[in-house]
Amino acid sequence: MSLTALLVDGLTVRFGSFRALDDLSLAIDYGEVRAIIGPNGAGKTTLLDVISGITRPKQGRVLFDGAIDLTGLSEAAIARAGLRRKFQKPSVFEGLSVRQHIAIGADVGFRARLDAPALEDRIGEVLETVGLVDHSNRLAGELSHGQKQWLEIGMVLASDPKVLMLDEPVAGLTDEETERTAALVRALKRPDRAIVVVEHDMDFVERIADRVTVLHEGRTLFEGSMAHVRADAAVVEVYLGR
Amino acid sequence: MNLTRLTAVLAGLLAALLLAPSARAQALDRAGLIANLCGNASAMGEAASVLTGLAMSGDAADRAFAVPLARAVIDRKLACDDAGAVLTENGLDAVTRQPRAAAGEPLTPVLSLKNRATYEQVDAALALRAAPEASQRAAALKTLERRPALIPEGLLEAAAAAEPDAGLKGEIETLAQTAALTAADPAARIRALARIADNPSRRALTQVSALTADPAYAASPEFRAAVDDATVRIGRGIAVGDVLATAYNGLSFASILFMAAIGLAIIFGLMGVINLAQGELIMIGAYVTWLVQQGLRVVAPSLLDWYLVLAIPVAFFVTAAIGIALEASLLRHLYKRPLMSLLATWAVSLFLMNLVRVVFGTQNLQFETPFYVTGGVPVIGDFIFTWNRMFAILFAVVTLALTWGLVRRTPFGLNIRAVTQNRDMAACIGIPTRRVDMMAFGLGSGLAGLAGLALSPIYSVNPQMGQNFIIDAFMVVVLGGVGTIAGTVVAALGIGQINVLIEPLWGAVAAKVIVLLMIIAFLQWRPEGLFAVKGRRK
Amino acid sequence: MNRFGLITHTAPIVHLITLIVLAALLMAGLAGTEFALSRYLANAIGQLAAFAVLAISLDLIWGYLGILSLGHGLFFALGGYLMAMYLLKHSFEITGTVPDFLQFMGWKEFPFYWDGFEFFPYALAAAVVMTTLISGLFGYVSFRSRVGGVYFAIITQALVYVAMLLMFRNDTGFGGNNGMTGFTVLFGWPMGTSGMITALAVASLLVLAGVLAGCNGLVKSRFGALMLATRDDETRLRTMGYETLRLKLIVWCLSALIAMLAGMLYVPQVGIINPRVLSPELSLEIAVWVAIGGRGHLVGAVIGALLVNAVKFWLSFAAPEIWPFILSGLIVLVVLVFPNGLMDLAKFKLVRPMGPKRLASDMGEARP
Ligand SMILES: Nc1ncnc2c1ncn2[C@@H]1O[C@H](COP(=O)(O)OP(=O)(O)O)[C@@H](O)[C@H]1O
Ligand SMILES: [Mg+2]
């Protein structure tokens, strides 16, 4: 297995004449938790959109596992390759129960492939991880905002993804919920998994991230540890405020 | 435009002015004419030529005097006596037209076989020029048609110039061309060919191509060349006319489509709502126009001709008010539920259509046709530049300009564009989005009302009429993309022209099928329509 | 509780299916006795059952998949027309009656594409193949280019409209604007007898029960959960590894086939088919039945179709001209006050609650 999970190579995305991503390159390794930060409109979500196949880049490519070019694949094919993503806006299926979400996430296909007990075990395990065991039969539409965030995380991690992308997982959560989410992310860290977290909350990032990439106007401004980020003059200038 | 035709008419007028005094100068010898009619065969022949001259160029009073004479001779209703002759039909003296009885033993002149044909021809010629009823003139034309070679040169041209009935005038002109083409003099025939080729039409083409079977075509190279040349020129003229006519019809259809679709497009762009009642708003616009016409009939009959103009503000504001009421009472609550709003607007459409049906009945409304939408100018080939279509085109152009100005140049338009692009952001910076929705819905509905007005001179107006336009209008919106005026214009032009191009080949239904298939195929390539800005999918 | 965590106490749908089957058995049992229903009533029940099947077909894609079709009349008509072709050809074989429209056109015999329609299995196969082909092709190009929401609704409406214009033409060999009528024999039995009317009604009821049971099984399965997931957030599901295009295509074709089946049941009972079943109004009305009954509930779709059409049948004698006004009033009421149709009434405890509660806000409706 190659050490680099995702290699983003010279990516450019344009909306009209506006460049949301501008010749962006970066590499994310297995076993790391990478935080991507940057001011609003920096292109963080757009980057995740390209990786997950929702947006087609104008130039550049995204290599997964050192070999598979994701830029030509459909969203579903990318997901089946082992990449999962939580959206910035909580995206759950309002008409389905919590269990159904996890079942859909754990076992991809129109018909179930896992046998019933195995699936039940998996569902129980995931619900335990995201702390929704008590809500397993409720409809997603009835959950609170924080519970929806966790449900979505549970749904994407149920498949044991190799690359897990979380877009603003603690936006709108209480301090206590943020705390639990941070613990959850740390617990998900594994040598054969890369975790990408897009976030604004600096303290949260500091607690979870091994390395931080700062995006600005579609380009990498800085890459390094959180301590270095805080010390970097350019980052302070554009992002943290002077 | 057709300059040749204009010059010909002017020249004709000029000639008539110059000739008129000289014709009047030689006064008709009425007694001498009657004497000749009562004379021997050769005298009668002379009389016939005098009568023919009258038919062609004589004084109107003399012509009126001559009209009954040929008929009376043919029917043996002329009693010649010593004092002249009496028309026995009504007992009038042939010369003075005073009542009197024939004296002594009156003689009735008998026509020789040769003269009989001449007199029939003379009678018809006179009737064509001077009979009061169009039907009598038409009958006379039929008689003349039987022997085109005998028609005196110039008679038909003069008759056509004076003919008030447009249909009959056309027939006279055709006969004139036929007569000229069958003339005995080869030079005259070639001249006639050149004249015909100047005014290309399908009729002319049939006439000219028939000449290839004429013996002269094989015999005389000049004649052959003239015929071939005329055929080519007429063919070219017809082709040009057809292209122009197609483009013109397509343009007028596109104008109607544009008018029907622009309101739909604005509303769709703004609220994501397709207003299925748009067709009924068009219909109501047409009904309001009709009501304005009826009102004027009662209140100000002198202004009746201008009802189409006077109805513009009324149609706009009535439909706009309906639209605003609709938005405020119904659609406002369906914001973010576009599929339900489809059903809701359909309910409105059903309601309005049936309401109009109950109030006004199902029959087509009768509209006056004011002079400015009557007739047209024949241009080339079969292409007639008709005013009613021009009215629709101009109307659409003006509407386009005003709508464009409103959306691009006014604060209200700025608000519409802002809300269309990003509703939440617009709300954040203090744009009253609900008010904008309401006003924009009013605008879109008012535009539908204007569409109804614009098409009332062209299409029939009844409670179901909205249905005919609404699906085409959807197609325009789908093709043009959400909420762009430019997209709507281009899509309307495209769909209008394609419809008109396909229709003559395979029929109206095939045109609709093909347009729909093309749009579905097009959406494969650009799912968001021609001019839409791509939004974030998630 | 089943594997997907749905509550499975005896649901109203089970009651409804039982009720329909019982009604069918009762009608069959009473046939020929003095307690038998009048021919008119039996016929009306049969037609209502066909409409209920049609409503289910639309609910399947609108209620469960969030795709509104305003052109489902197309598939209904397809089934109807092919059934009518079978009936005419079959009647001709047995009684020698030449259909009116052939006589109008001055044609001596059936056009070649009518060959084989005297065999019912052939007609049925033709209907299935054509419906699958048309719906599959149209669905594929639409879903592939991700046309959805209002766009899809409008294009389906244009589709059914264009089909209507085509069928109005007299030279197509499908009856033109007069349509096809004069069916005399069905499966070798004379039509129009009380026995035949009852048999058709019973068959329709049984088909309705079967379709209901089948669809219920589908929507309660894992596949059904995926349908709801597609409705609620298609991109989300796609980025979980599911080819929603295939899922939508399968359900869309299935829905078209059910609509076709409804058409095949309907035509022998009304005795005529003409291009008016292709009018956009009928297709819109189907959506209204479903909306009134409550989309996303099979029971709701059936009740909506039955209620609306029962009122319509009754009014078409009492006061046909006020029907459009009542219909538009009903729609506005449903849209503004009861967004989930009769299912909202169920919440007010007027009726027993049915199925899982759904949010009144928008099921699968996204702004375009
Ligand atoms: N579909 C789109 N059309 C036009 N502009 C877009 C679209 N998606 C994103 N953008 C623009 O691209 C820029 C980057 O957006 P995004 O990646 O969401 O930023 P963020 O870093 O806050 O997640 C923003 O300015 C946004 O407005
Ligand atoms: Mg973002």
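The shown structure was predicted, so the numbers you read here are calculated from the model rather than taken from an experiment. All residue numbers refer to position in the chain's written sequence, counted from 1. Naming scheme: in the order in which they are written, chains are lettered from A and ligands are numbered from 1. Reporting of local features is limited, given that this is a predicted model, to residues whose pLDDT is at least 70; pairs of side-chain atoms are given and counted only at 80 or more, and all residues count toward the totals for whole chains, interfaces and linings. Excluded from the side-chain calculations are hydrogens and water; all other atoms, namely the structure's heavy atoms, are used.

*Asks:* Quick rundown of the overall build of chain C? Include the residues and the values.
*Replies:* Strands are runs of DSSP state E lasting at least two residues, helices are runs of H or I lasting at least four, and both sets are numbered from the N terminus onward. Helices and strands together make up the secondary structure of chain C, namely 14 helices and four strands. Every radius of gyration here is taken over C-alpha atoms, with the globule rule written as 2.2 Å times N^0.38, N being the number of residues. The globule rule puts the C-alpha radius of gyration for 368 residues at 21 Å, and the 21 Å found for chain C is close to it. The C-alpha extent of chain C, read off along each of the three principal axes, is 60 × 50 × 40 Å. Buried, partly exposed and exposed residues are distinguished by accessible area as a fraction of the type maximum, computed with a 1.4 Å probe on protein chains only: under 20%, between the cut-offs, and over 50%, respectively. Counting across all 368 residues of chain C, residues that qualify as buried make up 58%. In this description, contact between two residues means that some pair of their heavy atoms is separated by no more than 4.5 Å. In chain C, once contacts between residues fewer than 6 apart in sequence are set aside, the share between residues at least 24 apart is 79%. In this description, accessible areas are obtained by the Shrake-Rupley approach with a 1.4 Å probe, and a residue is regarded as covered only by the protein chains that are shown. For chain C, the accessible surface area stands at approximately 14200 Å², while carbon and sulfur atoms represent 70% of it. Only four residue types enter the charge count: Lys and Arg as positive, Asp and Glu as negative, with His and the chain ends excluded. Taken as the charge centre is NZ of Lys, CZ of Arg, CG of Asp or CD of Glu, depending on the residue. Within chain C, the 18 negative side-chain charges are centred at a point lying 12 Å from the centre of the 23 positive side-chain charges.

*Asks:* How would you summarise the coordination of the magnesium ion (ligand 2) if you had to cite specific residues and measurements?
*Replies:* Residue and element names in this part refer to chain A. Ligation of the magnesium ion (ligand 2) by protein atoms is provided by Thr 45 (OG1) and Gln 88 (OE1), these donors lying 2.0 to 2.3 Å from the ion. With Thr 45 in helix 1 (residues 44–51) and Gln 88 in the loop between strand 6 (83–86) and helix 3 (98–106), the pair connects residues that are 43 residues apart, well separated along the chain. With a relative accessible area of 34%, Gln 88 lands in the partly exposed category. Any N, O or S atom lying within 2.8 Å of the metal counts as a donor, and for Na, K and Ca the limit rises to 3.2 Å; water is left out, so some sites can look incomplete.

*Asks:* Mind laying out the interface of chain B and chain C, listing which residues take part and the relevant values?
*Replies:* The partner chain C presents 49 residues to the 48 residues of chain B that form the contact. Each partner contributes to the roughly 4300 Å² buried at the junction of chain B and chain C, and carbon and sulfur atoms together form 76% of this total. On the chain B side of the interface with chain C, the three residues burying the most area are Leu339(B), Leu343(B) and Trp346(B), jointly 16% of the side's total. Pairing of N or O atoms within 3.5 Å defines a polar contact, subject to two protein rules: one partner must be a possible hydrogen donor and the other a possible acceptor, and residues neighboring in sequence count only if both atoms are side-chain atoms. Counting across the chain B and chain C interface gives one residue pair in polar contact (both at pLDDT 80 or more). Of all the elements in the fold, those that place two or more residues in the side of chain B that touches chain C are helix 12 (221–271), helix 15 (338–360), helix 20 (465–480) and helix 22 (508–525) of chain B. Top contributing element to the side of chain B that touches chain C by residue count: helix 15 of chain B, with 13 residues. Counted by class, the side of chain B that touches chain C contains 33 nonpolar, eight polar and seven charged residues. Note: buried area is the sum, over both parts, of the accessible area (probe 1.4 Å) each one loses when the two are combined. Gly counts as polar in this scheme, as do all residues outside two lists: the nonpolar Ala, Val, Leu, Ile, Met, Phe, Trp, Tyr, Cys and Pro, and the charged Asp, Glu, Lys and Arg.

*Asks:* Describe in detail the environment of Ser57(B), supporting the description with residues and values.
*Replies:* Residue and element names in this part refer to chain B. Topologically, Ser 57 is positioned in helix 3 (residues 41–57). Judged by its relative accessible area of 47%, Ser 57 falls in the partly exposed class. Residues Ser 57 and Phe 351, spaced 294 residues apart in sequence, show a C-alpha to C-alpha distance of 66 Å.

*Asks:* So what's going on with the pattern of salt bridges? Residues and values would help.
*Replies:* Close approach of charged atoms lets side chains of opposite charge pair. What makes a salt bridge here is a side-chain nitrogen of Lys or Arg within 4 Å of a carboxyl oxygen of Asp or Glu, nothing more. Scanning the model with the defined rule gives 41 salt bridges over all chains in all. Put simply, Arg211(A) and Glu32(A) hold a salt bridge, and the shortest N to O gap is 3.4 Å. Of this pair, Arg211(A) sits in strand 9 (residues 211–216) while Glu32(A) sits in the loop between strand 2 (18–29) and strand 3 (33–37), and the two are 179 residues apart along the sequence. Salt-bridge contacts for Glu118(C) lead to Lys89(C); the nearest nitrogen and oxygen are separated by 3.2 Å.

*Asks:* Please give an account of the packing of helix 3 of chain B against helix 4 (residues 60–74) of chain B that cites residues and values.
*Replies:* Residues and elements named next belong to chain B. To get an axis, a line is fitted to the C-alpha atoms, and for a helix only the part in contact is used. The angle between two axes follows their N-to-C directions and goes from 0 to 180 degrees. In the contact formed by helix 3 and helix 4, the axes pass within 10 Å of each other and the chain directions differ by 140°. One way to sum up the angle between helix 3 and helix 4 is to call them oblique. Taken as a pair, helix 3 and helix 4 cross one another with a handedness that is left-handed. Together, Met 44, Leu 51, Leu 54, Ala 55, Met 56 and Ser 57 of helix 3 and Asp 62, Arg 63, Ala 66, Ala 70 and Val 73 of helix 4 make up the contact between the two elements. Its residues placed into classes, the contact of helix 3 with helix 4 shows eight nonpolar, one polar and two charged. Working definition: roughly parallel below 35 degrees, roughly antiparallel above 145 degrees, roughly perpendicular at 65 to 115 degrees, and oblique for all remaining angles. Each crossing gets its hand from how the near helix is turned against the far one by less than a right angle, where anticlockwise is left-handed and clockwise is right-handed.

*Asks:* An account of the packing of aromatic side chains is requested, with residue identities and associated values reported.
*Replies:* Note on aromatic pairs: the rings of Phe, Tyr and Trp (six-membered ring only in Trp) are paired at centre separations within 6.5 Å, and the planes decide the class, stacked below 30 degrees, edge-to-face beyond 60, tilted for the rest. By the definition in use, this model includes 29 aromatic pairs over all chains. Arranged with centres 5.3 Å apart and planes meeting at 85°, the rings of Tyr459(B) and Phe469(B) form a pair that is edge-to-face. Linking Tyr459(B) in the loop between helix 19 (433–455) and helix 20 with Phe469(B) in helix 20, this pair joins segments that are ten residues apart in sequence. Residue Phe469(B) is classed as buried on the basis of its relative accessible area, which comes to 6%. Summarising the aromatic geometry, the rings of Phe76(C) and Tyr266(C) are spaced 5.2 Å apart at their centres and angled 45° between planes, so their arrangement reads as tilted. Of this pair, Phe76(C) sits in helix 3 (residues 73–95) while Tyr266(C) sits in helix 10 (residues 244–270); the two residues are 190 residues apart in sequence, bridging distant segments of the chain. An identical accessibility class is assigned to Phe76(C) and Tyr266(C); each is buried. An aromatic cluster is present here, built from Phe75(C), Phe138(C), Phe143(C), Phe152(C) and Trp252(C) joined pairwise through their rings. Here the basic side chain of Arg180(A) rests over the ring of Trp150(A), its NZ or CZ set 4.3 Å away from the ring centre. Look at NZ for Lys and CZ for Arg. If either is within 6 Å of the ring centre and within 35 degrees of the ring normal, a charge sits over the ring.

*Asks:* Let's hear about the state of the cysteines: which residues, and what values?
*Replies:* Residue and element names in this part refer to chain B. A pair of cysteine sulfur atoms is labelled a disulfide when the two atoms are within 2.5 Å. As enumerated under the stated definition, the model contains one disulfide over all chains in all. A sulfur-sulfur separation of 1.9 Å characterises the disulfide bridge that pairs Cys 38 with Cys 80. The sign of the -80° torsion about the S-S bond sets the Cys 38-Cys 80 disulfide as left-handed. Of this pair, Cys 38 sits in the loop between helix 2 (30–37) and helix 3 while Cys 80 sits in strand 1 (residues 78–81), and the two are 42 residues apart along the sequence.

*Asks:* Kindly report on the side chain of Gln278(B), identifying the contributing residues and their values.
*Replies:* All names here are of chain B. For Gln 278, the position within the fold is in helix 13 (residues 278–299). According to the relative accessible area criterion, Gln 278 is buried, its value standing at 0%. Beyond its immediate sequence surroundings of up to four residues, Gln 278 is in contact with Ala 260, Gly 263, Leu 264, Ile 267, Gly 444, Ala 448 and Ile 470.

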